[in-house]
Amino acid sequence: MVFTNSTHSPAINHTLSITSDPIFSFSTCRNTVLTLFRFDPHNPYFRHGQGTLTLDGCLDLCGSNYEKYKLYEILNDIVTWDLPLLLLVGNMTWAPFGWLDILASAAQLLGNPIGTIANLLDKLDKASEFKRRIEESRLYPQKSLEKPELYGQQRVGRARIVQDFATVLTALDDLPAPPGKSYFTLLTAHALRDPAYTLRAVRSAASELRELRINNRIPAAFAIFFYVFSVAAAYIQTFVVFPGDEEPINNHISHTIAFRQLYYWLLPAVLLSAYAGYFPSRRSSARILMKLVEETNRRDDTIPQHSTPMSASSATLVEAERQETGARMQEPVHDILAIELRLPRPYSGGVYTWQVPDCNPLVFTGSKPPNTVRLRTRQILAVALAFLSVGISFATAFLMSWLTPTEGMGCRNLAQMGFFGGWILNYFLTKAMCSIYVKWWGGSEVDKILWIVVSIKDAVLFAGPMLAAMHGAVAGWWNSCRCWSAPFSRGYDNAYIDLFLEKKIKHLASTGLLPGLIGASISAQALCFACMYALSKVGIAVFNRNEKVLQREFVEETGLG
């Protein structure tokens with residue numbers, strides 16, 4: 001095959017190649033075509049216009065396999081885009097259960113982000129539901145709080161009582177409940193039977209729990225700021241400091257940004273977990289709650305069963321507990337109301353990203369059933385917000401890769417669709433596994449076996465392959481003729497490569513389209529978090545009390561200033 005500089009060269013033979021290397025190199029392909037041949041409009045390889053090469057022409061002239069990117073390009077992408085994302089993941093609030101459980105939680109986060117965000121919202125909604133249930137209960141009516149013969153001279157307000165009970169119940173929700181019993185029922189029954197003593201014990205426990213609780217809001221906010229700043233700095237360095245067309249840039253820079261946008265759902269997830277908070281160790285809250293339980297159980301033992309009549313409300317709660325546990329009617333009341341504690345476990349409430357409603361439902365027993373319609377509506381809203389956050393990340397990533405020359409759907413778009421489809425599939429797969437487990441084994445708690453199976457499934461089938469695909473995007477798996485020519489939307493015959501795509505990428509950047517997509521994606525995630533916060537603000541406030549409020553409560557209780 002002989003190439004000339006004639007503008008009327010014959011068509012190139014499709015069976016020949018001007019390169020002996022079957023590995024595609026974008027720069028080599030362009031240089032070869034420019035050096036050996038002028039773009040001839042009569043040649044079918046260049047029929048899509050000046051500076052383009054058909055997919056057939058690319059395969060014949062430039063090779064069919066992909067080329068790995070240069071090491072410095074890979075390292076630059078890792079430092080610029082991957083490390084800030086890892087910093088975000090590191091600032092998730094991980095429950096202190098050991099490295100294996102943290103790795104399992106990380107696999108669930110990266111393999112099932114929809115479920116992770118929905119579970120965090122579900123945990124916070126439990127706190128708000130506890131608070132609502134206490135507010136609507138007949139515990140501590142305001143008139144009784146004004147009786148000094150019951151509560152002494154201590155200052156008692158019902159709002160503070162509701163807050164204290166919600167704090168204790170939320171902390172108890174981290175612990176596995178005794179089979180067939182509800183901490184809500186047990187604690188409220190104690191409060192109705194001996195209100196003054198129970199109030200003092202609950203108030204003391206709630207104060208200690210709030211003081212002990214740690215939130216990660218400031219480090220998480222700094223991590224998010226650092227990530228946004230890194231994205232902006234990398235953009236400025238690439239498109240503003242060197243705006244001239246003569247300056248080379250990575251032709252895959254916008255695809256690199258797009259794949260990082262796939263994980264922008266981490267922004268609200270990290271903030272949400274920071275607001276949820278955590279205890280320093282799995283034993284921290286258990287020590288406080290154990291003291292509370294010992295005091296209430298000991299108090300029951302000192303109350304003569306037949307000399308201290310219970311209120312109608314307390315009797316109703318005790319009767320509900322009898323029926324729930326199948327206890328004999330002649331069994332002593334203090335045995336029915338005895339509270340038993342077990343240490344928190346990651347698979348039964350201790351890990352907030354594992355609060356799947358099908359496995360760990362909101363169960364409140366007692367005289368007044370919960371508003372199941374309200375609970376279901378809030379759970380649907382939580383899942384919808386999780387879908388929206390992940391969907392926005394996918395949509396902006398997909399659009400950025402679509403607009404990057406050659407405009408259309410290429411291999412990277414297919415990979416992004418695979419990520420999003422995998423996350424949706426895994427969410428419903430996990431729900432199905434939980435439902436089947438509960439139905440077949442007849443339990444309402446998440447067992448350790450299910451936790452292990454789901455974690456392995458998330459790591460092996462979803463998170464692991466997705467991280468490998470992210471590495472492949474950086475390494476150059478899609479640096480080939482087929483992936484650069486958008487054949488999946490244009491069709492094979494109309495697919496082509498834009499040999500001067502750097503100019504068009506810079507043009508997209510200078511017109512504000514690329515930075516606009518990045519800014520819109522981050523802003524949309526901020527809006528998603530605002531909606532999540534509005535949905536969960538009551539639950540967030542159960543533990544997140546500002547320092548002035550905590551100091552005032554401490555002074556009221558101790559008199560120390």
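Within every chain, residues take consecutive numbers counted from 1 along the sequence as written. Whole-chain, interface and lining totals are the exception, using all residues; otherwise, since this is a predicted model, local features are given only for residues with pLDDT of at least 70 and side-chain atom pairs are given and counted only at 80 or more. Calculated side-chain values reflect all of the structure's heavy atoms, with hydrogen atoms and water omitted.

I would appreciate a short explanation of the pattern of salt bridges in the present structure.
Pairing is possible between side chains that carry opposite charge, provided their charged atoms lie close to one another. Throughout this description, the term salt bridge denotes a Lys or Arg side-chain nitrogen within 4 Å of a carboxyl oxygen of Asp or Glu. Summed over the entire model, instances satisfying the criterion amount to eleven salt bridges. Salt-bridge contacts for Arg378 lead to Asp125; the nearest nitrogen and oxygen are separated by 2.4 Å. Placement of the pair is Arg378 in helix H18 (residues 372-403) and Asp125 in helix H5 (residues 113-136), with a sequence separation of 253 residues. For Glu136, the salt bridge is made with Arg132, and the minimal N-O distance between the two is 2.8 Å. Residue Glu136 and its partner Arg132 are both found in helix H5; the two are separated by four residues, about one turn of the helix. Taking the relative accessible area as the measure of exposure, Glu136 reaches 40% and is therefore partly exposed. Since its relative accessible area comes to 13%, Arg132 is described here as buried. Put simply, Lys123, Lys126, Asp173 and Asp174 are held in one network by salt bridges that share partners. Under the scheme used here, helices are H or I runs from DSSP no shorter than 4 residues and strands are E runs no shorter than 2 residues, and both carry numbers assigned from the N terminus. Burial classes: relative accessible area under 20% of the type maximum marks a residue as buried, over 50% as exposed, and values in between as partly exposed (1.4 Å probe, protein chains only).

Help me understand the state of the cysteines in this model?
Joining two cysteines, a disulfide is a covalent bond between their sulfur atoms. Criterion for a disulfide: a pair of cysteine sulfur atoms at a distance within 2.5 Å. On inspection of all chains with the given rule, the structure shows three disulfides. Across the disulfide, Cys29 is cross-linked to Cys62 (sulfur-sulfur distance 1.9 Å). An S-S torsion of about 60° defines the bridge between Cys29 and Cys62 as right-handed. Of this pair, Cys29 sits in helix H1 (residues 26-36) while Cys62 sits in helix H2 (residues 55-62), and the two are 33 residues apart along the sequence. Cys29 gets classed as buried once you look at its relative accessible area, which sits at 3%. Here Cys58 is linked by a disulfide to Cys481, with a sulfur-sulfur distance of 2.0 Å. With the S-S bond torsion at -75°, the cross-link from Cys58 to Cys481 turns out left-handed. Residue Cys58 is located in helix H2, and its partner Cys481 is located in helix H21 (residues 481-484); the two are separated by 423 residues in the primary sequence. An identical accessibility class is assigned to Cys58 and Cys481; each is buried. With no disulfide partner, Cys528 has as its closest neighbouring cysteine sulfur the one in Cys531, 6.5 Å distant.

Quick question: what am I supposed to make of helix H12 (residues 253-261) here?
Spacing of three or four residues puts side chains on the same side of an α-helix, whose turn is 3.6 residues. Of all the nine residues making up H12, nine are buried; the element is thus mostly covered by neighbouring parts of the structure. Among all positions in H12, only Ile253, Ser254, His255, Thr256, Ile257, Ala258, Phe259, Arg260 and Gln261 are buried.

Is there a simple way to think about the packing of helix H8 (residues 158-172) against helix H9 (residues 183-193) in this case?
Describing two packed helices takes the angle between their axes plus the distance from one axis to the other. For helices, the fitted line uses only the C-alpha atoms of the stretch in contact; every axis is such a line through C-alpha atoms, and the angle between N-to-C directions lies from 0 to 180 degrees. With their axes 10 Å apart at the nearest point, H8 and H9 run at an angle of 145° to one another. Crossing angle aside, the handedness with which H8 passes H9 is right-handed. Here Phe165, Val168, Leu169 and Leu172 of H8 lie close against H9, whose contacting residues are Tyr183, Phe184, Leu187 and Ala191. Gly falls in the polar group here, along with every residue not listed as nonpolar (Ala, Val, Leu, Ile, Met, Phe, Trp, Tyr, Cys, Pro) or charged (Asp, Glu, Lys, Arg). For the contact of H8 with H9, the per-class residue count stands at eight nonpolar, no polar and no charged. Crossings are classed by handedness, with left-handed meaning an anticlockwise turn of the near helix from the far one by less than a right angle and right-handed meaning a clockwise turn. Contact criterion: two residues are considered in contact whenever any of their non-hydrogen atoms come within 4.5 Å of each other.

What exactly am I supposed to notice about a nonpolar patch on the surface here?
Residues Ile452, Ile456, Val460 and Leu461 make up a contiguous nonpolar surface patch of about 370 Å² in total accessible area. Looking at where Leu461 falls in the secondary structure, it is placed in helix H20 (residues 448-475). Classification of Leu461 by relative accessible area gives exposed; the value is 54%. Patch membership is restricted to residues that have no salt bridge and whose relative accessible area is over 30%. Joining uses 9 Å for like charges and 5 Å for the nonpolar side chains Val, Leu, Ile, Met, Phe, Trp and Tyr. Here the Shrake-Rupley method, with its probe set to 1.4 Å, supplies the accessible areas, and only the displayed protein chains count as covering residues.

Please explain the confidence of the model for the protein as it appears in this structure.
For every residue, the predictor assigns a confidence score, pLDDT, that lies between 0 and 100. For the protein, per-residue confidence averages 77 on the pLDDT scale, and 76% of positions sit at 70 or higher. Scored below 50 in pLDDT, residues 242-247 shows eight contacts in the model against residues more than four places distant or in partner chains.

Whenever I open this one, the side chain of Ser401 confuses me. Can you help?
Inspection of the secondary structure puts Ser401 in helix H18. In the analysis that follows, any N or O atom pair within 3.5 Å is treated as a polar contact, provided that within protein one partner can donate a hydrogen and the other can accept it, and provided that, for residues neighboring in sequence, both atoms belong to side chains. Polar contacts involving the side chain of Ser401 include one to the side chain of Gln416, which spans 2.8 Å. When residues no more than four places from it in sequence are discounted, the contact partners of Ser401 are His255, Ala258, Gly408, Arg412, Asn413 and Gln416.

Got a minute to help me understand the environment of Asp164 in this structure?
Positionally, Asp164 belongs in helix H8. In the structure, Asp164 is positioned 378 residues away from Val542 in sequence and 8.3 Å away in space, judged by C-alpha atoms. Ignoring any residue separated from it by four or fewer positions in sequence, one finds Asp164 in contact with Val202, Arg203, Ala206 and Arg210.

Got a minute to help me understand the packing of aromatic side chains in this structure?
To describe a pair of aromatic rings, you give the distance between the ring centres and the angle between the ring planes. Ring geometry is summarised as follows: Phe, Tyr and Trp rings, the Trp one being its six-membered ring, pair when their centres sit within 6.5 Å, and such pairs are stacked at plane angles under 30 degrees, edge-to-face over 60 and tilted between the two. One pass over the structure, following the stated rule, counts 19 aromatic pairs. For the pair Tyr263 and Phe419, a centre-to-centre distance of 6.4 Å together with 85° between the ring planes defines the contact as edge-to-face. One end of the pair, Tyr263, is in the loop between H12 and helix H13 (266-276); the other, Phe419, is in helix H19 (residues 411-441), and 156 residues separate them in sequence. Consider the rings of Phe394 and Phe420, whose centres lie 4.6 Å apart with planes at 5°: the pair is stacked. Of this pair, Phe394 sits in helix H18 while Phe420 sits in helix H19, placing them 26 residues apart in sequence.

Is there a simple way to explain unusual backbone geometry in this structure?
Excluding glycine, residues mostly have negative phi values, and the peptide bonds linking residues are mostly trans. Cis geometry is found at the peptide bond from Pro405 to Thr406, where omega equals -5°. Structurally, Thr406 is set in the loop between H18 and H19. Here the phi dihedral of Ala486 falls at roughly 50°; this positive angle occurs in a residue that is not glycine. With respect to the secondary-structure elements, Ala486 resides in the loop between H21 and helix H22 (487-490). A relative accessible area of 1% means that Ala486 is categorised as buried.

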